[in-house]
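Take a look at the letters that make up each chain.
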Amino acid sequence: MAIETSTNGVASSAPATTLAQPAELDASKLSITLANELKPIPPATELKFGQVMTDHMMVVSYDPVNGWSAPEIKPYGPLALDPASSCFQYATNVFEGMKAYVGPDGKPRLFRPNKNMDRMAMSAGRVALPPFDTNELLKLIRKLVAIEQRWIPTQKGHSLYIRPTIIGTRSSLGVAASDSAVLYVICSPTGPYFRTGARPVSLLAVGETVRAWPGGTGGYKLALNYAPTFKPQQFAAKLGYDQCLWLLGEKITEAGAMNFFVVVRRDDGDLDVYTPPLDGTILPGVTRDSILALASAHPSRMVLPNLPSSLRLHVSERELNMGELKAWAADGRLLEAFGVGTAVVVAAVGRIGHEGKDIVLPTHEGGLGPVGRALYERITEIQDGKFQWEDWSVVCE
């Protein structure tokens, strides 16, 4: 095809030129180099969250001229990065948290992975990192999980934690978006996140320092959201609390790195299940979304384990504040509080410290109350492939 151009009013024909476009992420270009020696797998009872890595990782890089490189699955090892890289200087780091499980058919499976992919793309866009095809990334993750299947623990409450990460690698101290990146995926076998056993976690309500604020980055899974929480967490630990309950004024946002839920008894005997709305200060958790959907489905679409079909759960995303929690507790209506997230699934809250006093939640055998326990049982059944629900469990082959 030729296009007609004009120079000084004289028409001429010239061949059309097409500038090369940066390559898209393409899972079909994957190369695999397996480790010569495989690591020993620790007993499940010795696993602590994020401390043991599997044999392999997936790595792919982006530069503004060539685009995405051919992805590699190769033995786990260090990355070589320029000290001036954007990820070190300006915190252009995004990550996701996913888990793999072994189903009754012996095949590894992921839980709602498209949700993680969508959130990762959204988070990367917030800090102007290069875009990537989430469908292609998911293909790469599924392949990596299939290779690392021997690392997936089969004990209840255990799984293979998966950490997809994208970091800016533009090697310049100039304050600007990173036009280069490395995207990698590592895996770690893990047991329960909290080592408290059946004991519920305790929270210290913190308002002097905030985790997120309107218009900020609290609704994105960015590494920069986590480091500022470490010092308040240390303070809470010195006072005997496991985690912080993050406040914005009197408004409750999150619990540690978890989304926060309460169960409140209504006058008619039904139960309200409340969680703060996604107002930009709260991470749109995959487990949060799943808890809302499962609680809303009871009992019209399915009955949650060990809950009567006559019990109705009224699920609502609404603002919560400390004054309400205190009033509900004083009236005996605050029945349960729990945090949810990929790492913990559902974690019971036993007490909440605020202004020198504790709100003490009712105690339950095993830690979780009836609603929290029912949701935990159902969501783990889906994750393990023992209960089919809306294609939430995705097999890795």
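Residues numbered from 1 in each chain as written. Predicted model: local features only at pLDDT ≥ 70, side-chain atom pairs only at ≥ 80, totals over all residues. Heavy atoms only, no water.

## As for the overall build of the protein chain
Here comes step 1: Scanning the protein chain from terminus to terminus reveals seven helices and 21 strands.
Here comes step 2: Dimensions of the protein chain along its principal axes, counting C-alpha atoms only, are 85 × 50 × 45 Å.
Here comes step 3: The burial tally for the protein chain puts 50% of its 397 residues in the buried class.
Here comes step 4: Counted over contacts in the protein chain with a minimum sequence separation of 6, partners at least 24 positions apart contribute 70%.
Here comes step 5: With an accessible surface of roughly 18600 Å², the protein chain has 52% of that area assigned to carbon and sulfur atoms.
Here comes step 6: Charge-centre separation for the protein chain: the mean point of 38 positive side chains lies 4 Å from the mean point of 40 negative side chains. (Helix = DSSP H or I, 4+ residues; strand = E, 2+ residues; numbered from the N terminus. Buried < 20%, exposed > 50% of the residue type's maximum accessible area, 1.4 Å probe, protein only. Contact = heavy atoms within 4.5 Å. Areas by Shrake-Rupley, 256 points an atom, 1.4 Å probe, with all protein chains shown as cover. Lys, Arg positive; Asp, Glu negative; His and termini not counted. Charge placed at Lys NZ, Arg CZ, Asp CG, Glu CD.)

## Description of the packing of helix 5 (residues 286-297) against helix 7 (residues 370-383)
Here comes step 1: Across the interface, helix 5 lies against helix 7 with an axial gap of 10 Å and an inter-helix angle of 110°. Taken as axis vectors, helix 5 and helix 7 run roughly perpendicular relative to one another. At the point where helix 5 passes helix 7, the crossing takes the right-handed sense. On the side of helix 5, the interface is formed by T287, S290, I291, L294 and A295, while helix 7 contributes L375, R378, I379 and I382.
Here comes step 2: Across the contact of helix 5 with helix 7, the residue classes tally to six nonpolar, two polar and one charged. (Axes fitted to C-alpha atoms, helices over the stretch in contact; angles between N-to-C directions. Parallel < 35°, antiparallel > 145°, perpendicular 65-115°, else oblique. Left-handed = near helix turned anticlockwise from the far one by under 90°. Nonpolar A, V, L, I, M, F, W, Y, C, P; charged D, E, K, R; others polar.)

## As for the side chain of T229
Here comes step 1: By the secondary structure assignment, T229 is in the loop between strand 12 (201-206) and helix 4 (230-238).
Here comes step 2: According to the relative accessible area criterion, T229 is buried, its value standing at 15%.
Here comes step 3: What T229 contacts, discounting residues up to four positions off in sequence, is R211 and W246.

## Observations regarding helix 6 (residues 322-330)
Here comes step 1: Within helix 6 the residues assigned to the buried category are M322, E324, L325 and W328. End-on view of helix 6: buried residues confined to an arc of 160°, all on one side of the axis.
Here comes step 2: Taking the backbone nitrogen of G323 as reference, a side-chain oxygen 3.0 Å away marks N321 as the first, capping residue of helix 6.
Here comes step 3: Phi turns positive one or two residues past the end of helix 6, at G332, with a value near 75°. (Arc of directions from axis to C-beta. Polar contact = N/O pair within 3.5 Å; in protein donor to acceptor, adjacent residues only side chain to side chain.)

## Quick notes on the pattern of salt bridges
Where charged atoms from two side chains of opposite charge come close, those side chains can pair.
Here comes step 1: Scanning all chains against the criterion turns up 20 salt bridges.
Here comes step 2: R199 is paired through a salt bridge with D242; the nearest N and O atoms lie 3.2 Å apart. Taken together, the residues span a long stretch of sequence, with R199 in the loop between strand 11 (181-190) and strand 12 and D242 in the loop between helix 4 and strand 13 (243-248) at a distance of 43 residues.
Here comes step 3: Notably, a salt bridge pairs D268 with R266, separated by 3.5 Å at the nearest N-O pair.
Here comes step 4: Owing to a relative accessible area of 27%, R266 belongs among the partly exposed residues under this scheme.
Here comes step 5: Three or more residues joined by partner-sharing salt bridges are found here, namely R112, K115 and D289. (Salt bridge = Lys/Arg side-chain N within 4 Å of Asp/Glu carboxyl O.)

## Quick look at the nonpolar core
Here comes step 1: Formed by 34 residues in total, the largest nonpolar core has its most connected members in L137 and I166.
Here comes step 2: Elements with a contribution of two residues or more to this core: strand 4 (56-63), strand 8 (98-102), helix 2 (113-126), helix 3 (134-147), strand 10 (159-168) and strand 11.
Here comes step 3: With six residues, helix 3 is the largest single contributor of residues to this core.
Here comes step 4: Ignoring any residue separated from it by four or fewer positions in sequence, one finds L137 in contact with L25, M58, M117, M120, F132, L183 and V185.
Here comes step 5: By size, the runner-up hydrophobic cluster in this structure holds 31 residues, among which are V263, I291, A295 and V346. (Core = buried A, V, L, I, M, F, W, Y, C linked by side-chain atoms within 4.5 Å.)

## Description of the packing of aromatic side chains
Here comes step 1: Under the counting rule described, the total for this entry stands at seven aromatic pairs.
Here comes step 2: Here the guanidinium or amino end of R112 rests over the ring plane of W392, the centre of that ring lying 4.0 Å away.
Here comes step 3: Sitting above the plane of the Y274 ring, R318 keeps its charged end 4.6 Å from the centroid. (Phe/Tyr/Trp six-rings, centres within 6.5 Å; stacked < 30°, edge-to-face > 60°. Lys NZ or Arg CZ within 6 Å of the ring centre and 35° of its normal.)

## Notes on the side chain of Q243
Here comes step 1: One can find Q243 in strand 13.
Here comes step 2: On the accessibility criterion, Q243 (14% relative accessible area) is buried.
Here comes step 3: Sequence-distant contacts of Q243, that is, excluding residues within four places in its chain, are made with F194, S202, L203, L204, Q233, A236, G256 and A257.

## Focus on the pairing of strand 15 (residues 258-265)
Here comes step 1: For strand 15, the buried fraction is high: seven of the eight residues fall into the buried class.
Here comes step 2: As paired strands, strand 14 (residues 251-255) and strand 15 are joined by two bridges and run antiparallel to one another. Bridged to E254 within strand 15 is N259.
Here comes step 3: Hairpin connection, strand 14 to strand 15: the antiparallel pair is bridged by two residues, and G256 has positive phi, about 60°. (Pairing = 2+ DSSP bridges.)

## Observations concerning the confidence of the model for the protein chain
Here comes step 1: Per-residue pLDDT for the protein chain has a mean of 94; in total, 94% of the residues score no lower than 70.
Here comes step 2: This model gives residues 1-12 a pLDDT under 50, and the stretch forms 13 contacts once residues within four places in sequence are excluded. (pLDDT = per-residue confidence, 0-100.)

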